[in-house]
Amino acid sequence: MTAEIEKIISLSDGDSTAELQKYLSSFTNDRVMITNSALKGKKVGAMIKGIFKGSPPSCTEGSNRRLLVYQHCIPLCESGDLQTEVAADIIGLLMLETRTLSGPSLAQLASLFVEAIKMGKMSSGKSLELFPTVLTALAACDALSYGKGELSGEEYKKQLINSLCSSSQQFILCLPRFRDVPLSSEELQFLVEKVLRMFTKLDLQEIPPLVYQLLLLSAKGCKKQVLDGVINYFKKQDVRQKEEQKDADSLDLEVQSIPQDRLRHVEGTAILHMVFSIRLDHELGREFLKSFKTSYGDLCPFSVALLLSVTRIQRYEEQVFDILKGAVIKSFKDEQLQQGSRFLQDLLPGHCSVAHMILDTIKNSVFGWDHVTQGLVQLGFFLMDTFGPKPGPFGKTTEGSANIARTPTQQACKLGGQVLLQGFKMHEPIRGEILEQVLNRLVTKTASPVSHYLDLFSDIVISAPMILLESSSKVTETFDHLSYLPLATVQGLLKAVQPLLKVSMSLKDALILVLRKAMFSSQLDGRKSAVTGFLLLLKNFKVLGSLASSQCSQTISSSQIQVDVHSRYNSAANEAFCLEILSSLRRCLGQQADVRLMLYEGFYDVLRRNSQLASSIMQTLFSQLRRYYEPDPDLLPPVKLEPCITAHGDQVYLQEPLGHLLSYTVHCLLWLQNMRRSANCNADNSDDEEEEEGYQSELQTILESMTRRIIKSELEDFELDKSAEFSVGSSVGVRNNIFAVLVIGVYEVLMEYNFMKANYSKSRFEELLELFNHYHKLSEILREKSGKGRLPPHKTPRSLLSLGFISTLLTALFRDSSQSREEALSVLLSSGEFVRYAVSVAVQKIQQLEETGHTDGPDGQNIDRTFRFLCDMTSVLMWRYTNVPRIVEDAGKKEKRSSLSLLCLEGLLRIFTTCQQRYPDKMAQLLSNMDITEDDAEPDDRSATEMNFFYIRQFQRALFTQLSGGEEDFNSKEAQLLVNILSVLSLQLKPSSPQFVQMITWTVKICKETSLEDSAFSKGLLSLLFNLHVLYKSPVSLLLELCQDIHSQLGDTDQDVEVEKQSHFAIVNMKTATTAAVSTSFLRPDLVLDEVDWLIARKKSQMTSGKSGSGRKMHCYHELIQTALLPGTCIITLLRELSRTYTILTTLVKYVRIHPFWDLSVNVKLSGSHLTPQCYSFITYAQAKLLRETKAIPNLIFSIEQYEKYLITLSKKSKVNLMQYMKLSTSRDFRINAATLDAALQEQDNSQETTESQETQTQEPRHKKRKQ
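To start, this report covers the structure provided alongside it. Just so it is clear, the model here is predicted, and its values are computed rather than measured.

Looking at the overall build of the protein
Part 1 of the reasoning: From N to C terminus, the protein includes 55 helices and 4 strands.
Part 2 of the reasoning: Residues counted as buried form 51% of the 1268 residues belonging to the protein.
Part 3 of the reasoning: Contacts in the protein between residues at least 24 apart in sequence constitute 75% of all its contacts with a sequence separation of at least 6.
Part 4 of the reasoning: For the protein, the exposed surface amounts to about 59,300 Å²; the carbon and sulfur share of it is 50%.

Shown next as structure tokens:
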């Protein structure tokens, strides 16, 4: 055998091909097969070359011999008997000679491959490299016999691929080889679909390699199909896994078919493959992003993770974040729109939340998705930077509650914070970057609000204080910038780091050093920051022996409480530390009024948290108060006002906020006395008690003397009588204004002190009333005089009465039925002015709480106590409004008693609004448990709903009483307040509840039966009706009835046309139709248009929804555009809404051109018969009524013409004449000069103008008569 091989090789090396052919011809097939053993040698390549050289493809014998070599070598290479290098050499030689094979030989060889793959004989896959070459050569053949007929090479190849793909899973082995095979788009699509269908039949671990091969194959085409198929597969797996997890949680069983960690690891690998392919194939990247640019409906946690991973590719980074930003904000907007419309809720299934997908992606990323984490960090900051609060006018911002995200923008910002917080908790490598970027923004964004970053930083500290200490150097660096930051930022930052200061001595030392430097800053905000920091330290470093902190306003975590065990700072060291800080703070007593005020407020909070510092704090306040107290008991007045001001040139400034100093001194004294009485101190503390009793008794003596003497003092003693100048344009006027505000504050503080110390003594209450009379007299002078200056009238200063005292006072005045107190309280109740003053201060405090989230004075920042006071005041004000009989009101001064009821009602409205905005989770508690103790449990949903509805019925009765009394007894302001309260309370009802149905039924009845001619009231009532209706069902039918009523009341644009008398709602009458009803009816169609527009964009496949909405909408406009509206914004608004309606109709027509599945003829017919003809008449009417030109008219004409243009195009395409319903637009290429035309008409016939004028005059009475 060896000699034969040598012979073949030697003949092959020679020049005589004929001799080689002759020699090979002498071999039989069996003898050629014998070379099996010889092929295992080193000269296999040379021998195969010799065989090919001696087997010319042109002759039958040579062609058959070549085929025999292929058929013999392919199984040999798959057998595994050959060395890898030898097998590779053989396959290489065979590939070179493949194109020389004849068509039948190629067909046999291809069939051999297909059968071997089906039978599973291609396990090693070494010979599969030859398969693409065979298929490529086969496709180039002209004709091949197939069965009884013939097929082209291309068709034959298609049949083979079909056979291969349809048989079994074994074809996956040859999937990589299809990259080298020229495939038509149909073949490629068939192949991709087959592979994607196989996903569900394969083991999870086999998916990533298959994904990689599909991505390589996508270079030929079908990119979208490959991407969608892979993403949808993992999307279904995620849904399945989540459902199994949900079932397992509910049944306490293990029912997972796929372990979560295994699925996440496979998804992570697939994401890596896809990102790698996108990095190399930019067409694949563009196709991937294209599918998410128009809609977020295809997003899922897997695709979100993939998008975030793609951000590592620089060219796609900006596009991906724009896509995610748009998806997030659109998702929140859609959710808000759906929640506010029952029509949309019934029409479309549950909302797809992008926020949930992103948060799920964070949870999934725990399983080794390091390629996603960086994108998560960037996304979080991108959302917070983009949607965070923006500076308002003059750099100020009006923010709502920090923890409640209401608008889509606020929700997107909050989502960014959640992403970063969860990322910080779960991924150690990104913690440093998150913390650094948060702190950098706190330092650099001084011109913008940073409350959202402060909230995030605080959450990070609370969730992982010990982890944060590893990066304490970054926090220390931030401290260096404290004196340059806005005060609000400093307060939020220092409050957030308090837990860290408890466990890190170095951090505390660094902060103290910075604060000491800031104390001497040349900037006022720098010194304020120092005071803020020191006060926070005093509140949080407790001294041994301090009272329990159950009354404290700030909670401390368990990690903070236990820290002293591990710290070298014990309570004794804390005491020395706190006393040192107090000595530093005393320097602030000589600084500006703002700094002093901050210090006084802080002392009260420190005292409640650190009661062992009481002696030092009280002595500091006492000594400061003495500076402005006149000690001589015979001198009047008892306070020195001149030291409270300072002058720089002609300017006068407040130096000492005397009222606030006195207020916080009194509150500290009262709190200490209450605590000491309840604490029952031990005898060991007798020395401290004696010292405290010493300054307490002295302070009480001063307050008693101050009260007695200030009552005796007349306004002339303060130089503040009616003859004093209060003009803010002069230094004397400014001085007197400051003095007046200081004296008013002193009066209020002494009123509160005397009430708290009176113990319901009649004589003490008489003194209190005298204080109030002095207060009232000065307030009236100040209000009267300040209005006469060049500047706007003086704004009433905020009351210094505390919210807690106001709550106590109102309860005593209105609800205290104790006989022992009746005589004393009758002194206060005898003064209507005092009672009204108490209620008005309560309303002022509630308004401040609504606007800022806190109130002035003690406990103003304490959320729990503030809410408790709100509950008490709600109960009192509600009782006062509903239980004081009309006879009692009429007995007194009607104006004052009436205004007192209105004040109570206004207070209730503000309380309900404040609670809904600031404490939405506690709204049920406010309504259900106004008298519960703090330890009571939360009310259940049923009792809360019933209590809410109980209050609704109370206010319904009150409103019904108002409406039943007739025009003379009707109080418009009270009725408006009642409607507003009902609007707020109705938001707490579920639209599916029977209470909500009763509410909407009652409102409809009131609107149908009430015919009061009060525009403001009717506007509020119609707004309530529509807001309820939109949550119950589609409001289009309601709008149509309103529009018909307006048309009936105002008449037609054509004076010769008599409008059919209709009155669905009596609230729409001649007087209200022009203002409230019209404005309401214009606002509401705009919201309906929003819904229709949203539906078209969201779900164009359900055009029936847009059909009903837009069809009925045209009936509404059909009525309005025939109405003789008064000149003004009503006409312009209607023109704009008509333009928008035609734009939406145009969008529908455009879509039907592309997807002709829906008959537009109904809408087109309606627009042609009910809308367009009347539109042109209304345009003429509007041009006559409007005295100025407006863009709304040409915009409307353009919208109509665009609509007709696309209708013509659609008619030609669909072969349906849609224009048969339309009357073509009037040519607008010229404009009539009205002035010239009028002049010509006057010259032609002067008498005609007189006749027309008479007709117009006689038409009006007939018009009015018809409306009656």
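Digging into the nonpolar core
Part 1 of the reasoning: Membership of the largest hydrophobic core comes to 254 residues, with the highest contact counts inside it found for Leu585 and Phe955.
Part 2 of the reasoning: Of the residues forming this core, the biggest block, 14 residues, is contributed by helix α35 (residues 731-758).
Part 3 of the reasoning: Each residue touching Phe955, except ones within four places of it in the same chain, is listed here: Met878, Leu905, Leu908, Phe912, Leu978, Ile981, Leu982 and Leu985.
Part 4 of the reasoning: Grouped together as the second largest cluster of nonpolar side chains are 107 residues, Cys77, Leu109, Leu217 and Ile271 included.

What about the packing of helix α21 (residues 408-426) against helix α23 (residues 451-463)?
Each pair of packed helices can be summarised by the angle the axes make with each other and by the distance between the axes.
Part 1 of the reasoning: Direction vectors running N to C along α21 and α23 enclose 25°, while the axes themselves pass 10 Å from each other. Considering the angle they form, α21 stands roughly parallel to α23. Of the two elements, α21 crosses α23, and the hand of that crossing is right-handed. Counting all contacts with α21, which are made through Cys413, Gly417, Leu420, Leu421, Phe424 and Lys425, the residues of α23 involved are His452, Leu456, Asp459, Ile460 and Ser463.
Part 2 of the reasoning: In the contact of α21 with α23, the residues fall into 6 nonpolar, 3 polar and 2 charged.

So, helix α16 (residues 301-310)
Part 1 of the reasoning: Here α16 lies mainly inside the structure; 10 of its 10 residues are buried.
Part 2 of the reasoning: Among the residues of α16, those classed as buried are Pro301, Phe302, Ser303, Val304, Ala305, Leu306, Leu307, Leu308, Ser309 and Val310.

Overview of the packing of aromatic side chains
Part 1 of the reasoning: Applying the stated criterion across every chain, the model contains 20 aromatic pairs.
Part 2 of the reasoning: Residues Phe321 and Phe382 carry aromatic rings whose centres are separated by 5.6 Å and whose planes lie at 25° to one another, so their mutual orientation is stacked. Taken as a pair, Phe321 in helix α17 (residues 314-339) and Phe382 in helix α20 (residues 370-387) lie far apart in primary sequence, 61 residues in all.
Part 3 of the reasoning: On the basis of relative accessibility, which here comes to 5%, the residue Phe321 falls in the buried class.
Part 4 of the reasoning: Exposure remark for Phe382: the relative accessible area of 24% places this residue in the partly exposed category.
Part 5 of the reasoning: In textbook terms, an aromatic cluster arises when at least three aromatic residues are bridged by ring pairs, as seen for Phe199, Tyr233, Phe234 and Phe302.
Part 6 of the reasoning: Across from the ring centre of Phe814, 5.8 Å away, lies the NZ or CZ of Arg880, which sits over that ring.

Concerning the environment of Glu642
Part 1 of the reasoning: Examined against the element boundaries, Glu642 turns out to sit in the loop between α32 (614-626) and β3 (645-648).
Part 2 of the reasoning: Taking C-alpha positions, Glu642 is 8.5 Å from Phe739, a pair spaced 97 residues apart along the chain.
Part 3 of the reasoning: Sequence-distant contacts of Glu642, defined by excluding residues within four places in its chain, comprise Arg735 and Phe739.

A closer look at the pattern of salt bridges
Part 1 of the reasoning: Considering all chains together, one arrives at 29 salt bridges under this definition.
Part 2 of the reasoning: Salt-bridge contacts for Asp360 lead to Lys242; the nearest nitrogen and oxygen are separated by 2.8 Å. Taken together, the positions of Asp360 in helix α19 (residues 354-364) and Lys242 in helix α13 (residues 223-251) put the pair 118 residues apart, joining distant regions of the chain.
Part 3 of the reasoning: Of the residues examined, Asp360 reaches a relative accessible area of 17% and is grouped as buried.
Part 4 of the reasoning: According to the relative accessible area criterion, Lys242 is partly exposed, its value standing at 48%.
Part 5 of the reasoning: Among the ionic pairs, Glu767 bridges to Arg764, the shortest N-O distance being 3.9 Å.

Regarding unusual backbone geometry
Trans is the prevailing form of peptide bonds, just as negative phi is the prevailing case for residues other than glycine.
Part 1 of the reasoning: Cis rather than trans, the peptide bond between Leu636 and Pro637 has omega equal to -5°.
Part 2 of the reasoning: If you check the backbone angles, Glu719 has positive phi at about 60° while not being a glycine.
Part 3 of the reasoning: Checked against the element boundaries, Glu719 lands in the loop between α34 (686-712) and α35.
Part 4 of the reasoning: What makes Glu719 partly exposed here is its relative accessible area of 48%.
Part 5 of the reasoning: A positive phi angle is found at Asp859, which is not glycine, with a value near 65°.
Part 6 of the reasoning: Tracing the backbone through its elements, the reader meets Asp859 in the loop between α39 (832-852) and α40 (863-883).

Criteria and thresholds
Residues numbered from 1 in each chain as written. Predicted model: local features only at pLDDT ≥ 70, side-chain atom pairs only at ≥ 80, totals over all residues. Heavy atoms only, no water. Helix = DSSP H or I, 4+ residues; strand = E, 2+ residues; numbered from the N terminus. Buried < 20%, exposed > 50% of the residue type's maximum accessible area, 1.4 Å probe, protein only. Contact = heavy atoms within 4.5 Å. Areas by Shrake-Rupley, 256 points an atom, 1.4 Å probe, with all protein chains shown as cover. Core = buried A, V, L, I, M, F, W, Y, C linked by side-chain atoms within 4.5 Å. Axes fitted to C-alpha atoms, helices over the stretch in contact; angles between N-to-C directions. Parallel < 35°, antiparallel > 145°, perpendicular 65-115°, else oblique. Left-handed = near helix turned anticlockwise from the far one by under 90°. Nonpolar A, V, L, I, M, F, W, Y, C, P; charged D, E, K, R; others polar. Phe/Tyr/Trp six-rings, centres within 6.5 Å; stacked < 30°, edge-to-face > 60°. Lys NZ or Arg CZ within 6 Å of the ring centre and 35° of its normal. Salt bridge = Lys/Arg side-chain N within 4 Å of Asp/Glu carboxyl O.

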